Amino acid sequence: MVDLFYYVNGHFVAASQAAIAAGDLGLVRGYGVFDVLRTYGGVPFALRPHLQRLQRSAQQIDLALPWTIEELEQLIHRLLALNAAATGHYPGESDLTIRLIVTGGVSADFLLPGNQPSLLILPAPVRTPPAQLYHTGATLVTADIARFMPSVKSINYIGAILGQKQARQAGAVEALYCTQAGVISECTTANFFVVRGGQLITPDQDILAGVTRAVALELAAALGDVLLRPIPRQELAEVDEAFITSTTKEIMPIVRIDDVVIGSGRPGPYTQRLAERFQAHVRQVAVAV
């Protein structure tokens, strides 16, 4: 298997040789942000919105991000070209996820950042969920876990990891954050939607503004009304459909949450139509660029 190239602090290096300093604040304090996008047909999908979200996340935790969006775009394209040459794959033959990580860099006192943050860009083969989940639907479990600064895509993933472990133990694909008051927000790595009476409903508070979520909302405007509001857990028994969105899961139908069967227990027509529109959209974007 060919070793992919990473970008680490000014250098393009083989993944097996990539390293950061032991005193980096991302390691010793968990001080950093990240973002993840993917390619379709070798073309980075929604690249600028992802980089803009990375900027917003850094700003919210007062983390220096000295690279412009244009500079980050250039680094990503150079890295994709380098890996295409190294693997012998033409663009589009093997799509990748692209993970950008920015940390506070090396700290003299292991607490406050110095003058140079760290930047890592880590490509990896896209790991798609089992196709069967899109035909039969997937399940979620609710998790009463408080999320730290939900509008920041932080490298602090303790709550998400605990939620993911809970989901795996239950045979679910994701954990759905639910407050003690019974209000649902989002999953650990995905946004959450329900359909009720032909209306699409999704939370807009205490969530990370997903890039795939934004595309889904734009496409959904042609399918009917869209409501942005909290979703009480007790409402789940009354909805017709549910689905989640993320970079790698795209639009995944949900048919059960804990012991609650959603709608008919099968992926619904609204979710299927929206998924078809999303697939058509990404194909068009890949061809157009």
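Cut-offs applied
By convention here, each chain's residues receive numbers from 1 onward along its written sequence. Residues qualify for local features only when their pLDDT is at least 70, as the model is predicted, and side-chain atom pairs are given and counted only at 80 or more; totals for whole chains, interfaces and linings, by contrast, use all residues. Note that water and hydrogens are dropped before the side-chain values are worked out from all heavy atoms of the structure. Only one rule defines a salt bridge in this text: a Lys or Arg side-chain nitrogen within 4 Å of an Asp or Glu carboxyl oxygen. Helix and strand labels come from DSSP, where a helix needs a run of H or I of at least four residues and a strand needs a run of E of at least two; each type is numbered from the N terminus. Partly exposed describes any residue whose relative accessible area lies between the buried limit of under 20% and the exposed limit of over 50%, with all areas from a 1.4 Å probe on protein chains only and scaled to the type maximum. Stacked, tilted and edge-to-face are the three classes assigned to paired rings of Phe, Tyr and Trp, where Trp is represented by its six-membered ring and a pair needs centres within 6.5 Å; plane angles under 30 degrees give stacked, over 60 edge-to-face, the rest tilted. The set of buried Ala, Val, Leu, Ile, Met, Phe, Trp, Tyr and Cys residues whose side-chain atoms join them within 4.5 Å is what this entry labels a nonpolar core. Here a residue-residue contact requires only that any non-hydrogen atoms of the pair lie within 4.5 Å. At least two DSSP bridges between two strands are required for those strands to pair. Space inside and on the surface of the protein is sampled on a 1 Å grid over the protein atoms alone, with a cavity defined as a set of points where a 1.4 Å probe fits but cannot get out and a pocket as an open set with protein on both sides within 12 Å along at least 5 of 7 lines; lining residues have an atom within 4 Å of a point. Grid points are joined across faces, edges and corners, and a volume is the space filled by probe spheres set on the points. Note that Gly is not counted as nonpolar here; it falls among the polar residues with everything else outside the nonpolar set of Ala, Val, Leu, Ile, Met, Phe, Trp, Tyr, Cys and Pro and the charged set of Asp, Glu, Lys and Arg. In the analysis that follows, any N or O atom pair within 3.5 Å is treated as a polar contact, provided that within protein one partner can donate a hydrogen and the other can accept it, and provided that, for residues neighboring in sequence, both atoms belong to side chains.

A. Looking closely at the pattern of salt bridges. Inspection of every chain in the model, using the stated rule, returns 10 salt bridges. Between Arg-48 and Glu-73 there is a salt bridge, with its nearest N and O atoms 2.9 Å apart. Of this pair, Arg-48 sits in helix 2 (residues 47-60) while Glu-73 is found in helix 3 (residues 69-87), placing the two residues 25 residues apart along the sequence. By relative accessible area, which is 33% here, Arg-48 ends up partly exposed. The partner of Glu-186 in a salt bridge is Arg-147, with the nearest N and O atoms 2.6 Å apart. Of this pair, Glu-186 sits in strand 9 (residues 183-187) while Arg-147 sits in the loop between strand 7 (138-143) and helix 5 (158-169), and the two are 39 residues apart along the sequence. The exposure class of Arg-147 is partly exposed, given its relative accessible area of 23%. Several salt bridges converge on common partners, so that one network encompasses Arg-196, Arg-229, Glu-235 and Glu-238.

B. Region of the structure containing the packing of aromatic side chains. Enumeration over the complete set of coordinates arrives at five aromatic pairs. Geometrically, the ring pair formed by Tyr-7 and Phe-12 is edge-to-face, given 5.2 Å between the ring centres and 65° between the ring planes. What makes Tyr-7 buried here is its relative accessible area of 8%. Among the residues examined, Phe-12 registers a relative accessible area of 25% and is labelled partly exposed. Relative to Phe-243, the ring of Phe-193 lies with its centre 4.7 Å away and its plane at 10°, an arrangement referred to as stacked. Residue Phe-193 is found in strand 10 (residues 191-196), and its partner Phe-243 is found in strand 14 (residues 241-246); the two are separated by 50 residues along the sequence. We note that Phe-193, like Phe-243, is buried. The structure contains a cluster of three or more aromatic residues connected by ring pairs, namely Tyr-40, Phe-45 and Phe-278.

C. Quick look at the nonpolar core. One finds Val-33, Ile-76, Leu-100, Val-102, Leu-119 and Ile-121 to be the most contacted residues of the largest nonpolar core, which totals 25 residues. Of all the elements in the fold, those that place two or more residues in this core are strand 3 (32-40), helix 2, helix 3, strand 5 (96-103) and strand 6 (118-125). Top element by residues in this core is helix 3. It accounts for six residues. Filtering out sequence-adjacent residues up to four positions away, Ile-121 remains in contact with Tyr-6, Tyr-7, Leu-75, Ile-76, Leu-79, Ile-98, Arg-99 and Leu-100. Core analysis: the next-biggest nonpolar cluster, separate from the first, contains 22 residues, Cys-178, Cys-187, Ile-231 and Ala-242 among them.

D. Fine view of the sheet that holds strand 3. If you walk across this open sheet you meet the six strands as 2-1-6-5-3-4, and the pairing is antiparallel. Of all the strands in the sheet, just strand 2 (11-14) and strand 4 (43-44) have a single pairing partner and so form its edges. Where strand 1 (residues 5-8) lies against strand 6, two bridges are found, and the strand directions are antiparallel. From the neighbouring strand, Val-8 faces strand 6, where its bridge partner is Leu-120.

E. Focus on the layout of surface pockets. Counted as a void, the largest pocket has a volume near 1,100 Å³. What lines the largest pocket is a set of 38 residues, and nearest its centre among them are Arg-99, Thr-189, Ser-246, Thr-248 and Lys-249. Elements supplying a minimum of two residues to the lining of the largest pocket: strand 3, helix 2, strand 5, strand 6, helix 5, helix 6 (211-220) and strand 14. Ranked by residue count, the leading element in the lining of the largest pocket is helix 5, at four residues. For the lining of the largest pocket, a count of residues per class yields 16 nonpolar, 13 polar and nine charged.

F. Spotlight on the environment of Ser-107. Here Ser-107 lies in the loop between strand 5 and strand 6. Residue classification places Ser-107 among the buried residues on the basis of a relative accessible area of 3%. Between the alpha carbons of Ser-107 and Gly-26 there is a distance of 9.9 Å; along the sequence they are 81 residues apart. Once you skip the residues sitting within four places of it in the chain, Ser-107 turns out to touch Gly-23, Leu-25 and Leu-112. At 2.8 Å, the side chain of Ser-107 and the side chain of Asp-109 are in polar contact.

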